[in-house]
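Chains, contacts and geometry: an overview
Listed below, chain by chain, are the residues.
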Amino acid sequence: AQSVTQPDIHITVSEGASLELRCNYSYGATPYLFWYVQSPGQGLQLLLKYFSGDTLVQGIKGFEAEFKRSQSSFNLRKPSVHWSDAAEYFCAVGLTGGGNKLTFGTGTQLKVEL
Amino acid sequence: NAGVTQTPKFQVLKTGQSMTLQCAQDMNHEYMSWYRQDPGMGLRLIHYSVGAGITDQGEVPNGYNVSRSTTEDFPLRLLSAAPSQTSVYFCASSAPGGRGYTFGSGTRLTVV
């Protein structure tokens, strides 16, 4: 069965600093990979996704992620964090069939210090 | 477009009561899913559907029923609520092809 690990439960960065959120997955084939963001009391918003091709994918709000097959990783990055980026971030792996079911990591809570 | 609409937003139930969480999408998506979110556990799949009339179980299906009579609607039924079902429930929909799910804003359920 597929699984997703987000090793950092909480991360604090200063506004303007760079950010990297880690995600490792376990899956038998090349997966569909996603990053979602959740603001307090809100639903999940898709930041970016990887299916195939270029391993560096660009998303909304200035985020990017790099798929590294050799490391089974899909880390999320942003060059300069804004205070409004404070939220919880979820990495997810999707099956290529059977309803596109998603398996989520446990999330990383990002705090931004002004 | 409204996207994925969930009702109610908040609900308090007594143990043993039943209720239905409503979910509707207006994007003509074939796939729909229900997830529950609990602190420190991320989101876990309860049930999902790949089209009208077709449903299947996810990771944590016990205590929940679903049906899919139309493309637009995918209600989640709690048959006899238990405190362990206190959670935030999210409905989501997707087109085929792994394009990622669009999520509703959630229903916060408390069972006392």
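Refer to the preceding data block for the structure.
Notes on the structure in this doc start here. (Residues numbered from 1 in each chain as written. Chains lettered and ligands numbered in written order. Predicted model: local features only at pLDDT ≥ 70, side-chain atom pairs only at ≥ 80, totals over all residues. Heavy atoms only, no water.)

Two aromatic rings, taken as a pair, are described by how far apart their centres are and by the angle between their planes. In the structure shown here, the tally under the stated rule is 15 aromatic pairs over all chains. Where A:F34 meets A:F51, the ring centres are 6.1 Å apart and the plane angle is 75°; that geometry is what we call edge-to-face. With A:F34 in strand 5 (residues 32-38) and A:F51 in the loop between strand 6 (44-50) and strand 7 (56-58), this residue pair connects regions lying 17 residues apart in the sequence. Looking at A:F51, the relative accessible area reads 18%, which means it is buried. Taking 5.9 Å as the distance between ring centres and 50° as the angle between the ring planes, the aromatic pair formed by A:Y36 and A:F104 counts as tilted. In this pair, A:Y36 is assigned in strand 5 and A:F104 in strand 11 (residues 102-104), connecting sequence segments 68 residues apart. In textbook terms, an aromatic cluster arises when at least three aromatic residues are bridged by ring pairs, as seen for A:Y32, A:F34, A:Y36, A:F51, A:F90, A:F104, B:Y35, B:F90 and B:F103. Against the face of B:F74 rests B:R68, its NZ or CZ located 5.9 Å from the ring centre. (Phe/Tyr/Trp six-rings, centres within 6.5 Å; stacked < 30°, edge-to-face > 60°. Helix = DSSP H or I, 4+ residues; strand = E, 2+ residues; numbered from the N terminus. Buried < 20%, exposed > 50% of the residue type's maximum accessible area, 1.4 Å probe, protein only. Lys NZ or Arg CZ within 6 Å of the ring centre and 35° of its normal.)

Attention shifts here to unusual backbone geometry. The linkage connecting B:T7 with the following residue, B:P8, adopts the cis geometry, with an omega of -5°. Structurally, the position occupied by B:P8 is in the loop between strand 1 (4-7) and strand 2 (10-13). In this structure, A:K61 takes a positive phi of about 60° despite not being glycine. Judged by relative accessible area, which is 46%, A:K61 ranks as partly exposed. At B:N28, a position not held by glycine, the phi torsion is positive, near 60°. Positionally, B:N28 belongs in the loop between strand 3 (19-25) and strand 4 (31-38).

Further remarks concern the sheet that holds strand 7 (residues 64-66) of chain B. All names here are of chain B. The strand order across the open sheet built from 4 strands is 1-3-8-7, with neighbouring strands paired in antiparallel fashion. The open sheet terminates on both sides in strands that have one partner only, identified here as strand 1 and strand 7. Pairwise comparison of adjacent strand axes, ignoring direction, gives a mean angle of 20° for this sheet. By the bridge criterion, 3 bridges tie strand 3 to strand 8 (residues 76-78) in an arrangement that is antiparallel. By the bridge assignment, L21 is partnered in strand 8 with L76. (Pairing = 2+ DSSP bridges. Axes fitted to C-alpha atoms, helices over the stretch in contact; angles between N-to-C directions.)

All names here are of chain A. L19, W35, L47, L48, F74, L76 and Y89 are the most contacted members of the largest nonpolar core, which has 26 residues in total. Broken down by secondary-structure element, the contributors of at least two residues to this core are strand 2 (10-14), strand 3 (19-21), strand 5, strand 6, strand 8 (64-68), strand 9 (73-78), strand 10 (87-94) and strand 12 (108-113). Examining the composition of this core, we find that 4 residues originate from one element, strand 10, more than from any other. Excluding anything up to four places from it in sequence, L47 contacts W35, Y36, V37, G59, I60, K61, F63, L76 and Y89. (Core = buried A, V, L, I, M, F, W, Y, C linked by side-chain atoms within 4.5 Å. Contact = heavy atoms within 4.5 Å.)

So, about the interface of chain A and chain B. Each partner contributes residues to the interface: chain A has 21 residues there, and chain B has 22 residues. Between chain A and chain B, roughly 1,600 Å² of surface is buried when both sides are summed, and carbon and sulfur atoms account for 56% of that area. For the pair chain A and chain B, the number of links is 0 salt bridges. Run the count over chain A and chain B and you get 4 residue pairs in polar contact (both at pLDDT 80 or more). When residues of the side of chain A that touches chain B are traced back to their parent elements, those giving at least two are strand 5, strand 6, strand 10 and strand 11 of chain A. (Buried area = accessible area lost by both parts, 1.4 Å probe. Salt bridge = Lys/Arg side-chain N within 4 Å of Asp/Glu carboxyl O. Polar contact = N/O pair within 3.5 Å; in protein donor to acceptor, adjacent residues only side chain to side chain.)

What follows concerns the side chain of B:S94. As for its position among the elements, B:S94 is in strand 9 (residues 87-94). Excluding residues that lie within four positions of it along the chain, B:S94 makes contacts with A:N100, B:H29, B:E30, B:Y31, B:R99, B:G100 and B:Y101.

We now examine the state of the cysteines. The bond known as a disulfide is covalent and runs between the sulfur atoms of two cysteines. If you walk through the whole model with that rule in mind, you get 2 disulfides over all chains. Disulfide partner of A:C23: A:C91, at an S-S distance of 1.9 Å. Taking the sign of the torsion about the S-S bond as the criterion, the disulfide between A:C23 and A:C91, at about -65°, is left-handed. Taken together, the positions of A:C23 in the loop between strand 3 and strand 4 (24-26) and A:C91 in strand 10 put the pair 68 residues apart, joining distant regions of the chain. A residue is classified by how much of its surface remains accessible, and A:C91, at 0% relative accessible area, is buried. The side chain of B:C23 participates in a disulfide bridge whose partner is B:C91; the two sulfur atoms lie 1.8 Å from each other. Its torsion about the S-S bond being -70°, the disulfide of B:C23 and B:C91 is classed as left-handed. With B:C23 in strand 3 and B:C91 in strand 9, this pair connects stretches of sequence that are 68 residues apart. (Disulfide = S-S within 2.5 Å.)

Keep in mind that these numbers describe shape and distance, not what the molecule does.
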